[in-house]
Amino acid sequence: MLRTMAFTSSDVRAAERPLLDRSVPLMRMASRALADVCRSVVNARGSEVERSSIVILAGAGNNGGDGLYAGSLLARSGAGVTVLAVGTALHDAAARSLMRAGGRVLVVDPRCRIPGFDTGFDDAELRLRLTASADLLLHADVVMDAMTGIGSKGALTGTASVMADLLAEILHDGRRCADGNDDNDGNGEGAHDRPTVVAVDVPSGLGVDSGTVPGASITADVTVTFGALKPCLVVPPVCYRRGGLVVVDLGLDLDPGRAVVRRMDASCASSRLVVPGAGDMKYSRGVVGLITGSQRYPGAGVLSVSAAARSGCGMVRYLGPRRAQDLVLQAMPEVVVGKGHVQAWTVGCGVDPDDHDDDSPASAVGALLRHYQTDDGGSVSTTGVEPMPPVSMPPVCVDAGALDLLPDHVLPQVVITPHAGELARLLTRMGHPRTVDAVLDDPWGNAVLVHRITGATVLLKGAMTLVVGDDGQGDGLHPDGAHPDGARTMVSGAGPAWLSTAGSGDVLAGLIGSLLAQWRASRESADDATAEERSSAGKDRGCPAVTEIAAAGAYIHGLSGRMASGCDVCADAEPLIMRVAPVGGVTRDSSTSSDRVPWNRARSIGHPIVASDLIEQLQFVLASLLRRHEDDDARR
Ligand SMILES: NC(=O)C1=CN([C@@H]2O[C@H](COP(=O)(O)OP(=O)(O)OC[C@H]3O[C@@H](n4cnc5c(N)ncnc54)[C@H](O)[C@@H]3O)[C@@H](O)[C@H]2O)[C@@H](O)CC1
Ligand SMILES: Nc1ncnc2c1ncn2[C@@H]1O[C@H](COP(=O)(O)OP(=O)(O)O)[C@@H](O)[C@H]1O
Ligand SMILES: [K+]
C-alpha cells in the first residue's frame, strides 16, 4: 500500500492523530529517516557527512520541525548545518535541539520571532541576509526544503516565496556553470556543482491534494514523505517536481478504500492479464474489433491492429477502409477483415471525424458510439438505436478522431484516450472552454471533470498518464468533492519521453482494446451469474476493472517504450520504503537494491524509437509480467 496508494492530507492527519495521542514521537521518527536520507545523498555525491554543508530552509510549522530535528542529527554526525528561518517562527523544541547540536540559525524573515535572535530588521539588512543565504545555498551539498508540508495554503508567500525563487535561480545557474549543459537528473556528471535538494514530506508551495503548482515552489531531487504518499507526489504536474521518492513508514493505520490515487505497478498490471487454459479457444480468449485508419492515415490502422494482435487476444477483426485493409493484412495476415462478434472495440486512431460519407470509418464509429449513449442517470438512450442492456455492451476504447464523435454522456465501459490538446477540445465542445495550457496546469482536475460530465473512463496521456473512472462505490474520491458519483484515479508513468512519437497513441489504443477484450471474454466464461443479475445487483454499474485495465495498458505501453529505447528515465519510479520504529534505527526495504535507491539510480538516456518498435517489445513485456503469475502459482 505504501508504494502505490496516495491519501489526502486530511486522511493522513486523521491517521496520525491516534498515534500522537499515544505520544508516539512521529516527528522524531520522521526526522531520523530524513537524516538517514541526507547522509546517503551526501555519500552519493562522493562526500562525507563530516565535511558536508547542509542548509535547511525551515518554515514555522511542523514541516520545519522535521527539518530542524534532522539537522540536529546531522550536526551531531559532524555536518555543518545552517538553518535559514523563512517563516514567522521556528518549531521551538526542534530549534533548541539543533542549536545544542551546534547548528546555526540565520533569520531571513524580518517578522520572525525567535527568543535570542535579532529580528524586525530593515530592508538593507534583509538584502544582506538574502545575499548571505544565496551564498550558503550555492555552496551547500544538500538543501533541505522544510518550508511547508501538508499544512501548506496556496502559493508560497513572503520570504518562503523569495527563497524558492532564489533556489530555482541557483539550481539553474549551477547547472549551466557545471558543464555548459542542462543536467536535471541530480546524479549525472556535473550535477554535483549544485546542491541536491531534499524535500521534506512534499516540495513546498504545491497543491498537496490537487497536484497543481499555484506559484513559487520548490523542485526537489528527492522527496522524503511521511506516513503515506500524498496525491501531489503521483499526479502531474507536481509529480514532475518531486524527484526520487522515499516513503517513510510511520505505522499509520490508513484504509486502502480511501486512497484517492493509485500508482499502477507491475503487480497490479500483471493481475489484469489473462492466462489461457486448456479449455480456451480463440473466441473465449477475446476478440477485439477495430475501426481505425483512413484513406489518409492508413498507418494508424496498421499500428493499432498490430498492437492489439500482439497483446494476447484470441482474434482481431478489422473494419477500417479498403486501402488500410490491404496494408493491415500485409503487416498482420492473422487479422480477420469484416464484421462479427467482438468483446471489445478500439475506434478512432487515424479516423477523420469530418468524413461524413456513408461508408466512412467516421460514420461507422459514430453509429457504434451512439449505442453507448446514456442519459445522466446511466440508462441507455433509445433515440435512434436499438436499446441494449448497458452491461452487455462491450467496452470500447475511443481514441483520436473518435473523440469528436463521443456522445455527451456514455456508459463507463467507454474508455477515452485523449492527450491534453484533445481533452481541451472535448471540454470546449461540451461547454467548458479550456486551453491546452489550462489542462496541463491541472490535468487531474480536468480529467475528473470530463469523467463527471461524460461518464466515460478518462485516460489522459502524458509522461504521467492519468486514468479516472467510476469506482462503483460512490465514494467521491477526488478531494474537491466535485463528483458525487465516485471516481477512481490511477496513474502510470512507466514510459520514457522517447514514447512521445507519432503513432505511439495508436499502439496504446490497440493494446487497451485487446486487454479489454480478454478481460471481457474471461468474465463471460467464468461468471455463473447472468449479466442481468449482476447488473441488477449493481456490481457492474461502476467499472473499476475498466479503469485498472486502461491503466495497465498505459503501464505496458510505457515498459515497451523503456525496453525499445533502452531508456529508464521516466516520470514515475518505484519509491523506496523506509521503516522507522519509535526507538531504534531506520531500515530500508530490502527489495530495493542499493543501485535503485533514488539518489543512486543509474540513468540510461537510451535512444530514439518509432511506434512500430513498441509493438515488437510487447511480447517481452507481457512475458515479464506473466512470469509473476508463475511465481504466484509457485508460492501457492
Ligand atoms: N502531524 C504529525 O504528527 C506529523 C507531521 N509531520 C510534519 O508536519 C507537517 C505538517 O505540519 P503543519 O501542520 O505544522 O504544517 P506545515 O509545517 O506544513 O505548514 C504550516 C506552516 O507553513 C506556513 N505556510 C503555510 N502556507 C504557506 C504559504 N503558502 N506560504 C508561506 N508559508 C506558508 C504557515 O504559516 C505555517 O507556519 C507535515 O507535512 C510533516 O512534515 C511529521 O513530523 C510527521 C508527523
Ligand atoms: N514526455 C513524455 N514522457 C513519457 N511518455 C510520454 C511523454 N509525452 C507523451 N508520452 C506518451 O506518448 C504517447 C503519445 O500518444 P499520442 O499523443 O496519442 O501520439 P499519436 O497521436 O502520435 O499516436 C502517449 O502514450 C503518452 O502518454
Ligand atoms: K517541504
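Everything quoted here is computed from the prediction, not taken from an experiment. (Residues numbered from 1 in each chain as written. Chains lettered and ligands numbered in written order. Predicted model: local features only at pLDDT ≥ 70, side-chain atom pairs only at ≥ 80, totals over all residues. Heavy atoms only, no water.)

Student: What is the right way to read the overall build of the protein from this model?
Tutor: Of the regular secondary structure elements, the protein holds 17 helices and 20 strands. Residues counted as buried form 57% of the 636 residues belonging to the protein. For the protein, the share of sequence-separated contacts (at least 6 apart) that also reach a separation of at least 24 residues comes to 72%. By element, 50% of the accessible surface of the protein is carried by carbon and sulfur atoms, the whole surface being about 25,200 Å². (Helix = DSSP H or I, 4+ residues; strand = E, 2+ residues; numbered from the N terminus. Buried < 20%, exposed > 50% of the residue type's maximum accessible area, 1.4 Å probe, protein only. Contact = heavy atoms within 4.5 Å. Areas by Shrake-Rupley, 256 points an atom, 1.4 Å probe, with all protein chains shown as cover.)

Student: Looking at this structure, how should I read the sheet that holds strand β6 (residues 196–200)?
Tutor: Across a sheet, paired strands are connected by hydrogen bonds in the backbone, their directions being either parallel or antiparallel. If you trace the 9 strands from one edge of the open sheet to the other, you get β4-β3-β2-β5-β6-β7-β8-β19-β20, paired in mixed fashion. Lying at the two open borders of the sheet, with one neighbouring strand each, are β4 (104–107) and β20 (586–588). Direction aside, the axes of adjacent strands within the sheet are offset by 20° on average. For β6 and strand β7 (residues 222–226), the ladder comprises 3 bridges, and the chain directions are parallel. What sits directly across from Ala-199, in β7, is Thr-223. (Pairing = 2+ DSSP bridges. Axes fitted to C-alpha atoms, helices over the stretch in contact; angles between N-to-C directions.)

Student: Even after reading the chapter, I still don't get the side chain of Asp-66, so can you show me in this structure?
Tutor: Looking at the element boundaries, Asp-66 is found in helix α3 (residues 62–76). Of the buried charged residues, Asp-66 lacks a salt bridge, with Lys-230 as the closest side chain of opposite charge at 8.9 Å. Aside from chain neighbours lying at most four places away, what touches Asp-66 is Met-27, Ala-30, Ser-31, Leu-34, Val-200 and Phe-226. (Lys, Arg positive; Asp, Glu negative; His and termini not counted. Salt bridge = Lys/Arg side-chain N within 4 Å of Asp/Glu carboxyl O.)

Student: Any chance you could explain the nonpolar core here in plain terms?
Tutor: For soluble globular proteins, nonpolar side chains are generally found buried alongside one another. In this structure, Val-398 and Ile-416 are the most contacted members of the largest nonpolar core, which totals 120 residues. A total of 11 residues in this core trace back to one element, the largest contributor, which is helix α2 (residues 26–44). Here this core spans two domains, since at least three of its residues come from each of domain 1 (24–225) and domain 2 (266–562). When residues no more than four places from it in sequence are discounted, the contact partners of Val-398 are Val-347, Leu-369, Leu-403, Leu-406, Val-414, Val-415, Ile-416 and Thr-417. Among the nonpolar cores identified, the runner-up in size contains 57 residues, and Leu-303, Val-328, Leu-508 and Ile-615 belong to it. (Core = buried A, V, L, I, M, F, W, Y, C linked by side-chain atoms within 4.5 Å. Domains from an automatic or database assignment.)

Student: Just checking my understanding: could you explain the packing of α2 against α3 for this structure?
Tutor: Two quantities define a packed helix pair, namely the angle between the axes and the distance from one axis to the other. Direction vectors running N to C along α2 and α3 enclose 55°, while the axes themselves pass 8 Å from each other. Classified by the angle their axes make, α2 and α3 are oblique. Once α2 is placed against α3, the crossing between them reads as right-handed. On α3, the residues that touch Met-27, Arg-28, Ala-30, Ser-31, Arg-32, Leu-34, Ala-35, Cys-38 and Arg-39 of α2 are Asn-62, Gly-65, Asp-66, Gly-67, Tyr-69, Ala-70, Leu-73 and Leu-74. Of the residues belonging to the contact of α2 with α3, the class tally is 9 nonpolar, 4 polar and 4 charged. (Parallel < 35°, antiparallel > 145°, perpendicular 65-115°, else oblique. Left-handed = near helix turned anticlockwise from the far one by under 90°. Nonpolar A, V, L, I, M, F, W, Y, C, P; charged D, E, K, R; others polar.)

Student: Just to check I follow, could you spell out the coordination of the potassium ion (ligand 3) for this structure?
Tutor: Ideal geometry at a metal centre gives angles of 109.5 degrees when four donors are arranged tetrahedrally and 90 or 180 degrees when six donors are arranged octahedrally. Coordination sphere of the potassium ion (ligand 3), protein contribution only: Asn-63 (OD1), Asp-145 (O), Thr-148 (O), Val-200 (O), Val-202 (O) and Ser-204 (OG), at 2.6 to 3.0 Å. Geometry at the potassium ion (ligand 3) is irregular, judged from the 6 donor atoms that bind it and their angles of 67 to 170° at the metal. Written as a sequence motif, the donor residues of the potassium ion (ligand 3) are N-x81-D-x2-T-x51-V-x1-V-x1-S. With Asp-145 in strand β5 (residues 142–146) and Val-202 in the loop between β6 and β7, this residue pair connects regions lying 57 residues apart in the sequence. Accessibility expressed as a relative area gives 0% for Asp-145, which makes it buried. (Donors = N, O, S within 2.8 Å, 3.2 Å for Na, K, Ca; no water. Tetrahedral: all angles 85-135°; square planar, octahedral: opposite > 155°, others 65-115°.)

Student: I tried to follow the site of ligand 2 on my own but got confused; where do I start?
Tutor: With respect to spatial proximity, 18 residues lie near ligand 2, and among them Lys-461, Gly-462, Pro-496, Gly-503 and Gly-505 are the closest. The backbone of Leu-499 places a nitrogen or oxygen atom 3.3 Å from an oxygen atom of ligand 2. In this structure, an oxygen atom belonging to ligand 2 sits 2.6 Å away from a main-chain N or O atom of Gly-505. Of the residues forming the shell around ligand 2, the biggest block, 4 residues, is contributed by helix α14 (residues 504–526). Broken down by class, the residue content of the shell around ligand 2 amounts to 6 nonpolar, 10 polar and 2 charged. (Near = heavy atom within 4 Å. Polar contact = N/O pair within 3.5 Å; in protein donor to acceptor, adjacent residues only side chain to side chain.)

Student: Is there a simple way to think about the environment of Leu-515 in this case?
Tutor: As for its position among the elements, Leu-515 is in helix α14. Those residues in contact with Leu-515 that sit more than four places away from it in its chain are Leu-273, Ser-311, Ile-549, Ala-552, Gly-553 and Ile-556.

Student: Teacher, can you tell me more about the site of ligand 1 here?
Tutor: Around ligand 1, the structure places 23 residues, and the nearest of them are Glu-16, Asp-66, Gly-149, Ala-155 and Asp-201. Within the side chain of Asp-66, a nitrogen or oxygen atom sits 2.4 Å from an oxygen atom of ligand 1. Gly-151 is positioned such that a nitrogen or oxygen atom in its backbone is 3.0 Å from an oxygen atom of ligand 1. Summarising the interface, the protein chains cover 82% of the accessible area of ligand 1, which totals 860 Å² for the free molecule. Split by residue class, the shell around ligand 1 holds 9 nonpolar, 9 polar and 5 charged.

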